[in-house]
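Residue strings, one per chain:
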Amino acid sequence: MISSILPTYNRAPLSFVKGEGSWLTEASGRRYLDLGAGIAVNALGHANPALVAALTAQANALWHVSNLYTIPQQQELADRLVEATFADTVFFTNSGTEACELAVKMARKHFNDTGRPQRTGIITFEGSFHGRSSAGIAAAGSEKMTKGFSPLLAGFIHVPFGDHDALRDAAARHDVGAILIEPVQGEGGIRPVPDQCLKGLRDLCDEHGLLLIFDEVQCGMGRTGKLFAHEWSGITPDIMMVAKGIGGGFPLGAVLATAMAADAMTAGTHGSTYGGNPLACAVGNAVMGIIATDAFLAEVNRKAGLFRQGLEALVAAYPDIFEAVRGSGLMLGLKCRAANTDVVKAGLAAGVLTVPAADNVVRILPPLNIPDEDIVTGLALLDKAAASMAPA
Ligand SMILES: *Cc1c(COP(=O)(O)O)cnc(C)c1O
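All of the points below concern the structure found in this document. Keep in mind that this is a model prediction, so the values were computed, not measured. (Residues numbered from 1 in each chain as written. Predicted model: local features only at pLDDT ≥ 70, side-chain atom pairs only at ≥ 80, totals over all residues. Heavy atoms only, no water.)

Around the ligand sit Ser95, Gly96, Thr97, Phe129, His130, Gly131, Glu182, Asp215, Val217, Gln218 and Lys244, and those are all the residues in its vicinity. In the model, an oxygen atom of the ligand is placed 2.4 Å from a nitrogen or oxygen of the Thr97 side chain. Between the ligand and Lys244 there is a distance of 2.7 Å, counted from an oxygen atom to a side-chain nitrogen or oxygen. In isolation the ligand has 380 Å² of accessible area, and contact with the protein removes 83% of it. When grouped by side-chain class, the residues that make up the shell around the ligand number two nonpolar, six polar and three charged. (Near = heavy atom within 4 Å. Polar contact = N/O pair within 3.5 Å; in protein donor to acceptor, adjacent residues only side chain to side chain. Areas by Shrake-Rupley, 256 points an atom, 1.4 Å probe, with all protein chains shown as cover. Nonpolar A, V, L, I, M, F, W, Y, C, P; charged D, E, K, R; others polar.)

The following block contains the structure:
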């Protein structure tokens, strides 16, 4: 008999009743160190007092009015994002998937309205993840996500990760309008795109008149130690998808764009009932106020150095279980020799939450403000987990 919850997830038999900072507690009282942060969502930890205050103040004032009216919290958050990035304009969504939908629509409308309607093609990369909607799964293209869901949204050209020749050939096609890429692949196994490759993508887009779209849903919002991951490369996209960390645990996403890329998105061309609602934007403003500061990002980089050093030592200590550390900032991956799902399970038994990814990787995505002592504890718990797997 089917369960009352559609069984699309393989869930761990754990259920939490309380969160505080980097810790989660079960009803039994057992505590777990959360190095997954709700898949890079709880960027400022659980029950962060500043976010709780912002949410409850807004909850007591006004929840929802719809986008038929001006929403000051939304305007403020858009102004902050525009001020802090390449973007001239922002549309708010409730999730990363919805941001993907708009990014695809925006690119196609741009070419349609500027006399190049054949440029509907969007180049994407093997191993990518852009959400589970029809556009998202067609964009990623992996059989695991698309099988049985035909007909798929047309127009995505899938290029192997790191295959420069295939990329150059695809970019030269007359039916291509955009390149969509995660600066650091998350679900694909914490695979950073080297800075010189992001620069090369920008050059390729400029050469062929293509729009460059970054999916920073997982790698953005301070995760890599810059506000957005692409900032390390010195280049900027034309369109960017944001979600996960921007709401710090409250559902919120956004599409950021230059005026040029967004030029065709006029009144009536897109919408969302809940997108940019007062509750989400009140929290988003609080998150931005904390993360988008040099001092906070400097701390992320310092903590990332500490964590990475400890993980390198872990890999050296357990060469039969781990192969390498990869990633950027506090978006870290342990490439495993043992099955990554076994490592995650051993972690649960030891009292530490991690997240599996493709390519046999275990993701370490802690809150960005994880205290140093929790990093030390986390490394000790991961060591305990590895020791429990090591042959006696
Ligand atoms: C999580 C994720 C998405 C989808 O976001 P949802 O909020 O789950 O819809 C899209 N792109 C990337 C890179 C992600 O990590």
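Here the focus is empty space enclosed by the protein. All chains considered together, the criterion is met by one cavity of 30 Å³ or more. Its boundaries defined by the atoms lining it, the largest cavity holds a volume of some 60 Å³. Contributions of two or more residues to the lining of the largest cavity are made by α11 (340–350) and α12 (372–389). Top element by residues in the lining of the largest cavity is α12. It accounts for three residues. In terms of residue class, the lining of the largest cavity is built from eight nonpolar, two polar and no charged. (1 Å grid on protein atoms, 1.4 Å probe; cavity = no way out; pocket = protein on both sides within 12 Å on 5 of 7 lines; lining within 4 Å. Points joined across faces, edges and corners; volume = space filled by probe spheres on them. Helix = DSSP H or I, 4+ residues; strand = E, 2+ residues; numbered from the N terminus.)

Once that is clear, we can look at the nonpolar core. Ile123, Ile179, Ile291, Phe307, Leu311 and Phe322 are the most contacted members of the largest nonpolar core, which has 78 residues in total. Residues from two domains meet in this core; each of domain 1 (16–48 + 294–389) and domain 2 (50–291) gives at least three. Apart from the residues within four sequence positions on either side, Ile123 is in contact with Ile157, Val159, Leu167, Ala170, Ala171, Val176, Ala178, Ile179 and Leu180. Core analysis: the next-biggest nonpolar cluster, separate from the first, contains 24 residues, Leu102, Ala139, Ile239 and Ala262 among them. (Core = buried A, V, L, I, M, F, W, Y, C linked by side-chain atoms within 4.5 Å. Buried < 20%, exposed > 50% of the residue type's maximum accessible area, 1.4 Å probe, protein only. Domains from an automatic or database assignment. Contact = heavy atoms within 4.5 Å.)

What follows deals with the layout of surface pockets. One water molecule sets the probe size; rolling that probe over the atoms shows where empty space is left. The calculated volume of the second largest pocket comes to roughly 550 Å³. Among the secondary structure elements, those contributing two or more residues to the lining of the second largest pocket are α3 (72–84), β4 (89–93) and α4 (96–113). Looking at the lining of the second largest pocket, its residues break down into 12 nonpolar, 12 polar and no charged.

Two elements in contact, helix α2 (residues 49–61) and helix α9 (residues 278–291), have axes whose closest approach is 9 Å; the angle formed by their N-to-C orientations is 150 degrees. As far as their axial angle goes, α9 and α2 are roughly antiparallel. Along this stretch, α2 crosses α9, giving a crossing that reads as right-handed. Contacts from Ala50, Leu51, Ala54, Leu55, Gln58 and Ala59 in α2 reach Pro278, Leu279, Ala282, Val283, Ala286, Val287 and Ile290 in α9. (Axes fitted to C-alpha atoms, helices over the stretch in contact; angles between N-to-C directions. Parallel < 35°, antiparallel > 145°, perpendicular 65-115°, else oblique. Left-handed = near helix turned anticlockwise from the far one by under 90°.)

One open sheet accounts for seven strands, arranged β4-β12-β11-β10-β7-β5-β6; its pairing is mixed. Looking along the sheet, the strands with just one partner apiece sit at the ends: β4 and β6 (156–159). Averaged over all neighbouring strand pairs, the angle between strand axes comes to 20 degrees, with direction disregarded. Relative to strand β10 (residues 211–215), strand β7 (residues 176–181) is paired through four bridges, and the arrangement is parallel. Looking at the pairing, Ile179 lines up with Leu212 of β10. Against the sheet, α3 engages β4 and β12 (253–257), with an angle of about 130 degrees to β4. (Pairing = 2+ DSSP bridges.)

This paragraph deals with the sheet that holds strand β3 (residues 31–34). Taken together, four strands build an open sheet; the order of strands is β1-β2-β3-β15 and the sheet is mixed. Every other strand in the sheet has two partners, leaving β1 (16–20) and β15 (352–353) as the edge strands with one partner each. Across two bridges, the pairing between β3 and β15 is parallel. Along β15, the bridge assignment pairs Asp34 with Leu353. Along the sheet face, α12 touches β2 (23–26), β3 and β15 and points at about 105 degrees away from the line of β3.

The next subject is the state of the cysteines. Think of a disulfide as a covalent bridge from one cysteine sulfur atom to another cysteine sulfur atom. Applying the stated rule across the entire model yields zero disulfides. Free of any disulfide, Cys205 has its nearest neighbouring cysteine sulfur in Cys197, separated by 13 Å. (Disulfide = S-S within 2.5 Å.)

On to the packing of aromatic side chains, then. To describe a pair of aromatic rings, one takes the distance between the centres and the angle between the planes. For the coordinates displayed, the defined rule picks out one aromatic pair. Plain terms: the ring middles of Phe16 and Tyr32 are 5.6 Å apart, the flat faces sit at 80 degrees to each other, and that makes the pair edge-to-face. Taken together, the residues Phe16 in strand β1 and Tyr32 in strand β3 connect sequence positions 16 residues apart. Note on Tyr32: relative accessible area 3%, which makes it buried. Here Arg108 stacks its cationic end above the ring of Phe156, 5.4 Å away from the centre of that ring. (Phe/Tyr/Trp six-rings, centres within 6.5 Å; stacked < 30°, edge-to-face > 60°. Lys NZ or Arg CZ within 6 Å of the ring centre and 35° of its normal.)

Let us now look at helix α7 (residues 164–171). Where α7 is concerned, the buried positions are Leu167, Ala170 and Ala171. Along the axis of α7, the buried residues cluster in a sector spanning 95 degrees; they form a single face. Exposed and oriented more than 90 degrees from the buried face of α7 are Asp165 and Asp169. Tucked into the core, α7 has its buried residues touching β5 (121–125), β6, β7 and α8 (195–208). Between a side-chain oxygen at the N-terminus of α7 and the backbone nitrogen of Asp165 the separation is 3.3 Å; the capping residue is Asp163. (Arc of directions from axis to C-beta.)

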